[in-house]
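# Per-entry structural report
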Amino acid sequence: QVQLVESGGGLVQAGGSLRLSCTASGRTFSTYPMAWFRQAPGKEREFVVGISWNGSVIYYADSVKGRFTISRDNAKNTLYLQMNSLKPEDTAVYSCAADKAPFASVADKPNEYDYWGQGTQVTVSS
């Protein structure tokens, strides 16, 4: 059974940092683009950042450029999101996702992704 599990969320003060992890099981995603999305209460799911299968292409949303860093360790089947200089508006449930096709281009639309984790809550206090 394919499963993506996020961890590392929590409560942090504005200006602080968190490191999220997403570990996949049931399938190797080393050839799939992956991404982080977030969703705040009452809002649409928002693209945060995506990464190509080999890490050569990374696409950040403007809202997180310079603050967040995505990386992947294909040997561990794990995706990471380092979040620095956190702001209250970063508060959301963060989910990782794997693309529906191997070797695909990095996409920023949720319907391009087939596999999703349950999400981890990130809360940033002011």
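Since the model is a prediction, treat every value here as computed from it, not as a measurement. (Residues numbered from 1 in each chain as written. Predicted model: local features only at pLDDT ≥ 70, side-chain atom pairs only at ≥ 80, totals over all residues. Heavy atoms only, no water.)

With that settled, the discussion passes to the state of the cysteines. By definition, a disulfide is the covalent link that joins the sulfur atoms of two cysteine residues. In this structure the tally under the stated criterion is 1 disulfide. The disulfide partner of C22 is C96, and the gap between their sulfur atoms is 1.9 Å. Of note, the bridge from C22 to C96 carries an S-S torsion of about 60 degrees and is right-handed in sense. Highlighted residues: C22 in strand β3 (residues 18-25) and C96 in strand β9 (residues 92-99), separated in sequence by 74 residues. Residue class for C22 comes out buried when judged on its relative accessible area of 1%. The buried category is assigned to C96, whose relative accessible area is 0%. (Disulfide = S-S within 2.5 Å. Helix = DSSP H or I, 4+ residues; strand = E, 2+ residues; numbered from the N terminus. Buried < 20%, exposed > 50% of the residue type's maximum accessible area, 1.4 Å probe, protein only.)

Turning our eyes to something else, we now look at the pattern of salt bridges. All chains considered together, the criterion is met by 5 salt bridges. Of the charged contacts, one joins R38 and E46 as a salt bridge, the two residues approaching to 2.9 Å between their closest N and O atoms. Owing to a relative accessible area of 32%, E46 belongs among the partly exposed residues under this scheme. Across the pair D90 and R67 runs a salt bridge whose closest N-O atoms are separated by 2.7 Å. Placement of D90 in the loop between β8 (78-83) and β9 and of R67 in the loop between β6 (58-60) and β7 (68-73) is noted, with a sequence separation of 23 residues between them. This pair shows no difference in class: D90 is buried, exactly as R67 is. Linked through salt bridges whose partners overlap, the residues forming this network are R38, E46, R67 and D90. (Salt bridge = Lys/Arg side-chain N within 4 Å of Asp/Glu carboxyl O.)

Before going further, it helps to spend a moment on the environment of V5. One can find V5 in strand β1 (residues 3-7). Placed 113 residues apart in sequence, V5 and Q118 show a C-alpha to C-alpha distance of 6.7 Å. Once residues within four sequence positions are removed from consideration, V5 is found in contact with S21, C22 and T23. (Contact = heavy atoms within 4.5 Å.)

Considering all chains together, one arrives at 8 aromatic pairs under this definition. Ring centres of F37 and F47 lie 5.6 Å apart, and the angle between their planes is 75 degrees; on these two criteria the pair is classed as edge-to-face. With a gap of 10 residues between them, F37 in strand β4 (residues 34-39) and F47 in strand β5 (residues 46-51) connect regions that are remote in the sequence. One exposure class covers both F37 and F47, and it is buried. Above the face of the Y80 ring, R19 is positioned so that its terminal group lies 4.3 Å from the ring centre. In this structure, R45 is placed above the aromatic ring of W116, and the distance from its NZ or CZ to the ring centre is 4.2 Å. (Phe/Tyr/Trp six-rings, centres within 6.5 Å; stacked < 30°, edge-to-face > 60°. Lys NZ or Arg CZ within 6 Å of the ring centre and 35° of its normal.)

Time to look at the side chain of E6. Mapped onto the elements of the fold, E6 is located in strand β1. Among buried charged residues, E6 stands out as having no salt bridge; its nearest opposite-charge side chain is R45, 8.8 Å away. A polar atom in the side chain of E6 sits 2.8 Å from the backbone nitrogen of C96. Only 2.8 Å separates the side chain of E6 from the backbone nitrogen of G119, close enough to count as a polar contact. Beyond its immediate chain neighbours, meaning those up to four positions away, E6 contacts S21, C22, W36, Y94, S95, C96, G117, Q118, G119 and T120. (Lys, Arg positive; Asp, Glu negative; His and termini not counted. Polar contact = N/O pair within 3.5 Å; in protein donor to acceptor, adjacent residues only side chain to side chain.)

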